[in-house]
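Observations on chain architecture
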Amino acid sequence: MIPPNFRLDGKIALVTGCSRGIGKAMAISLAAAGADIIGVSASLESSGSAVERDVLAQGRKFKGFACDFSNRKSVYDLVARLKGESPQIDILVNNAGTIRRKPAAEHPDEYWDTVIEVNLNAQFVLSREIGREMLSRGHGKIVFTASMLTFQGGVTVPGYAASKGAIGSLTKALANEWAGRGVNVNAIAPGYIATDNTAALQADPERNKAILSRIPAGRWGTPDDLVGALIFLCSPASDYVHGTILTVDGGWLGR
């Protein structure tokens, strides 16, 4: 049983990057807590997707949208559709992201531009546009997916590290302006989570061994490890939590 102040009954949650991995687990968990879901991913089917089936199995409603977050016009088209078709969004989970790997001295402009557009610019636009509506109602919850690289520099991923560092600062900047107006803005910083994005690291025997040796919990995380933190930050239980970056990392940053 979910305690009453962790319930999300009657709420509508928008989750970006919801078709797989962390985002899919987030969408399903919010539905389990009582929220209806608006899902957005780059190639999400408007109906019949796996995430839709899983949300419906929780007894909640689902509406799906496709959006290319690397294209600013596509993001604004999404905003227009949301305003026309979804009268109220109570929870925004900015989870969509991408990564490009190449040493900094060889990192091309197109890698940098794509990562910054998807991981930072699109998320600011969505937060501003949906946040404005939340401010007018006097309540709302916004949660960003940050990263260990919100705190660290990483290797061969300069655009990703820059974008996630900026997400940490954006979380605090929005919280500073909006906390007194009833809108909570926070972030979750996952540690090393077993998803498609980390498949190359998991498959590299040396990197995998080095990563596991640093994690006090002794294992890679799973998307389900993040859902408790997410439900907390999206629920009334976190009404006095603003500008926090909540790490879910198996103890990585404490090492």
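Only a predicted model underlies this, so the values are computations on that prediction, with no experimental measurement involved. (Residues numbered from 1 in each chain as written. Predicted model: local features only at pLDDT ≥ 70, side-chain atom pairs only at ≥ 80, totals over all residues. Heavy atoms only, no water.)

Observations regarding the environment of Phe-69
Here Phe-69 shows up in the loop between β3 (62–66) and α3 (72–85). Judged by its relative accessible area of 8%, Phe-69 is buried. Setting aside anything within four residues of it in sequence, one finds Phe-69 in contact with Thr-16, Val-40, Val-75, Leu-78, Ala-96, Glu-117, Val-118, Ala-122 and Leu-126. (Helix = DSSP H or I, 4+ residues; strand = E, 2+ residues; numbered from the N terminus. Buried < 20%, exposed > 50% of the residue type's maximum accessible area, 1.4 Å probe, protein only. Contact = heavy atoms within 4.5 Å.)

A word on unusual backbone geometry
Negative phi is the rule for most residues except glycine; trans is the rule for most peptide bonds. Of note in this structure, Thr-156 is not a glycine but carries a positive phi near 65°. Topologically, Thr-156 is positioned in the loop between β5 (140–145) and α5 (158–178). Judged by its relative accessible area of 31%, Thr-156 is partly exposed.

Examining the packing of helix α1 (residues 21–32) against helix α8 (residues 227–234)
Interaxial distance between α1 and α8 falls to 10 Å at its minimum, and their mutual angle equals 55°. The angle between α1 and α8 places the two elements in the oblique class. When you trace α1 past α8, the crossing you get is right-handed. Residues Ala-25, Met-26, Ser-29 and Leu-30 of α1 touch α8, and the partners they reach there are Val-227, Leu-230, Ile-231 and Cys-234. (Axes fitted to C-alpha atoms, helices over the stretch in contact; angles between N-to-C directions. Parallel < 35°, antiparallel > 145°, perpendicular 65-115°, else oblique. Left-handed = near helix turned anticlockwise from the far one by under 90°.)

Focus on the side chain of Asn-95
Tracing the backbone through its elements, the reader meets Asn-95 in the loop between β4 (91–94) and α4 (109–137). Under the relative-accessibility criterion, Asn-95 is labelled buried at 11%. With residues near it in sequence (within four places) discarded, Asn-95 still touches Thr-16, Gly-17, Ile-22, Gly-23, Met-26 and Thr-145.

As for the pairing of strand β6 (residues 183–190)
Of all 8 residues that make up β6, 8 are buried, and the element is covered over most of its length. Every second residue of β6 is oriented toward a common face, with Val-183, Val-185, Ala-187 and Ala-189 on one face and Asn-184, Asn-186, Ile-188 and Pro-190 on the other, all of them buried. Of the strand pairs in this sheet, β5 and β6 are connected by 6 bridges, and their pairing is parallel. By the bridge assignment, Ile-142 is partnered in β6 with Val-185. (Pairing = 2+ DSSP bridges.)

What to know about the packing of aromatic side chains
Tallied over the full model, the rule gives 3 aromatic pairs. Taking the centre distance of 6.2 Å and the plane angle of 35° together, the rings of Phe-6 and Phe-232 count as tilted. Within this pair, whereas Phe-6 is found in the segment before β1 (12–16), its partner Phe-232 is found in helix α8, the two being separated by 226 residues in sequence. You can call Phe-6 partly exposed: its relative accessible area is 26%. Relative to Trp-252, the ring of Tyr-192 has its centre 4.8 Å away and its plane inclined at 50°; by these criteria the two rings are tilted. A residue pair is termed long-range when its members are at least 10 positions apart, and Tyr-192 in the loop between β6 and α6 (199–203) and Trp-252 in the segment after β7 (245–248) qualify at 60 residues. An aromatic cluster is present here, built from Tyr-192, Trp-220 and Trp-252 joined pairwise through their rings. The ring of Trp-252 carries Arg-214 above its face, with NZ or CZ at 4.3 Å from the centroid. (Phe/Tyr/Trp six-rings, centres within 6.5 Å; stacked < 30°, edge-to-face > 60°. Lys NZ or Arg CZ within 6 Å of the ring centre and 35° of its normal.)

Describing the pairing of β5
Of all 6 residues in β5, 6 are buried, a share of seventy percent or more. Residues of β5 alternate between two faces, with Gly-140, Ile-142 and Phe-144 on one and Lys-141, Val-143 and Thr-145 on the opposite face, all of them buried. Bridge analysis of β4 against β5 gives 4 bridges, and the strand direction is parallel. Across the sheet, residue Leu-92 finds its bridge partner in β5, namely Ile-142. You can see the chain leave β4, run along α4 and come back into β5, and the turn it takes is right-handed. Between the parallel pair β5 and β6, the chain is carried across by α5, and the sense of this crossover is right-handed. (Right-handed = clockwise from strand over helix to strand, strands pointing away.)

Thoughts on α4
Between its terminal C-alpha atoms α4 stretches 40 Å, which fits the 42 Å expected from 29 residues at 1.5 Å a residue. Along its length, α4 reaches its greatest deviation from straightness, about 45°, at Glu-117. Looking one or two places after α4, you find Gly-138, whose phi comes out positive at around 85°. (Expected span 1.5 Å × (residues − 1). Bend = angle between axes of the 7 residues up to and from the residue.)

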